Amino acid sequence: MTAITEIPLTTLDGQPTTLGDYADRAVLLVNVASRCGLTPQYAALEQLARDYGERGLTVIGVPCNQFMGQEPGTPEEIATFCSTTYGVTFPLLAKTDVNGEDRHPLYAELTRTADADGAAGDIQWNFEKFVIAPGGAVVNRFRPKTVPDAPEVVAAIEAVLPR
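Thresholds applied
- Residues numbered from 1 in each chain as written.
- Predicted model: local features only at pLDDT ≥ 70, side-chain atom pairs only at ≥ 80, totals over all residues.
- Heavy atoms only, no water.
- Phe/Tyr/Trp six-rings, centres within 6.5 Å; stacked < 30°, edge-to-face > 60°.
- Pairing = 2+ DSSP bridges.
- Helix = DSSP H or I, 4+ residues; strand = E, 2+ residues; numbered from the N terminus.
- Buried < 20%, exposed > 50% of the residue type's maximum accessible area, 1.4 Å probe, protein only.
- Arc of directions from axis to C-beta.
- Contact = heavy atoms within 4.5 Å.
- Axes fitted to C-alpha atoms, helices over the stretch in contact; angles between N-to-C directions.
- Core = buried A, V, L, I, M, F, W, Y, C linked by side-chain atoms within 4.5 Å.

Trainee: Any chance you could explain the packing of aromatic side chains here in plain terms?
Mentor: One pair of aromatic rings is described through two measures. These are the centre distance and the angle between the planes. Inspection of every chain in the model, using the stated rule, returns seven aromatic pairs. Put simply, the rings of Tyr42, Phe81, Tyr86, Phe90 and Phe127 touch in pairs and so form one group of aromatic residues.

This is the structure we're talking about:
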């Protein structure tokens, strides 16, 4: 089994990366979409990135078009939407399959993590959140309707901040 920090990823602008690039930071990783009823969560994600960035948090968005085609855009369209509509400054990865036969290896690992009710498995919808501690341990999973600034999400982030 490959460590989660070593799984090859690609940024939205096509550059290779891994979670290892963030190994000394806490990460809130979220599958995102531009045309979803939950899309306004981008605002809270950006606020978390701004509020906790200096303390060692990186929010990472993972565009996904698997839920009713709610992320149909090109990388350029996604980047423009996120920056102009929600002022997103946090990193975005390339559009990624999070479920099914073509599930990205990162999500093959992430979906082994259970949520607060003890349920692991497929991503339910856009805006499912994973808190990853420095070093790459996945410590929490929050389902899509749990907003990014919910007390339980903030507490999970604060518990793993490196500084």
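Trainee: Just checking my understanding: could you explain the pairing of strand E6 (residues 138-142) for this structure?
Mentor: The side chains of a regular strand alternate, first on one face of the sheet and then on the other. Two elements, strand E5 (residues 129-132) and E6, share four bridges in a ladder whose sense is antiparallel. Bridged to Ile132 within E6 is Val138. Connecting E5 to the antiparallel partner E6 that follows it, the hairpin turn spans five residues, and Gly135 within it adopts a positive phi of roughly 100°.

Trainee: Quick question: what am I supposed to make of helix H4 (residues 151-160) here?
Mentor: Think of an α-helix as turning once every 3.6 residues; residues three or four places apart then point the same way. Taken as a whole, H4 has its buried residues at Val153, Val154, Ala156, Ile157 and Val160. Buried residues of H4 fall within an arc of 160° about the axis and therefore sit on the same side. Along H4, the residues that are exposed and aim more than 90 degrees away from the buried face are Pro151 and Ala159. Tucked inside the fold, the buried residues of H4 contact strand E3 (26-32), helix H1 (41-52), strand E4 (57-63), E5 and E6.

Trainee: Can you help me understand the sheet that holds E5 in this one?
Mentor: Paired through their backbone hydrogen bonds, the strands of a sheet run either parallel or antiparallel. Read across the sheet, four strands follow the order E4-E3-E5-E6 without closing on themselves; strand pairing throughout is mixed. Unpaired on one side and paired on the other, E4 and E6 mark the two borders of the sheet. The average undirected angle you get between the axes of adjacent strands in this sheet is 20°. Here four bridges tie E3 to E5, and the two strands are oriented antiparallel to one another.

Trainee: Please clarify how the nonpolar core should be interpreted in this entry.
Mentor: Note on soluble globular proteins: their nonpolar side chains tend to be buried together. In terms of nonpolar packing, the biggest core is built from 28 residues, with Leu28, Leu45, Leu48, Leu57, Val59, Phe90 and Ile157 touching the most fellow members. Secondary-structure elements contributing two or more residues to this core are E3, H1, E4, helix H2 (75-86) and H4. Contacts of Leu48, omitting those with residues within four sequence positions, involve Leu28, Gly53, Leu57, Val59, Pro148, Asp149, Val154 and Ile157. One finds Tyr22, Ile60, Tyr107 and Phe130 within the second-largest nonpolar core, a separate group that totals 19 residues.

Just geometry here; none of it tells us what the structure is for.
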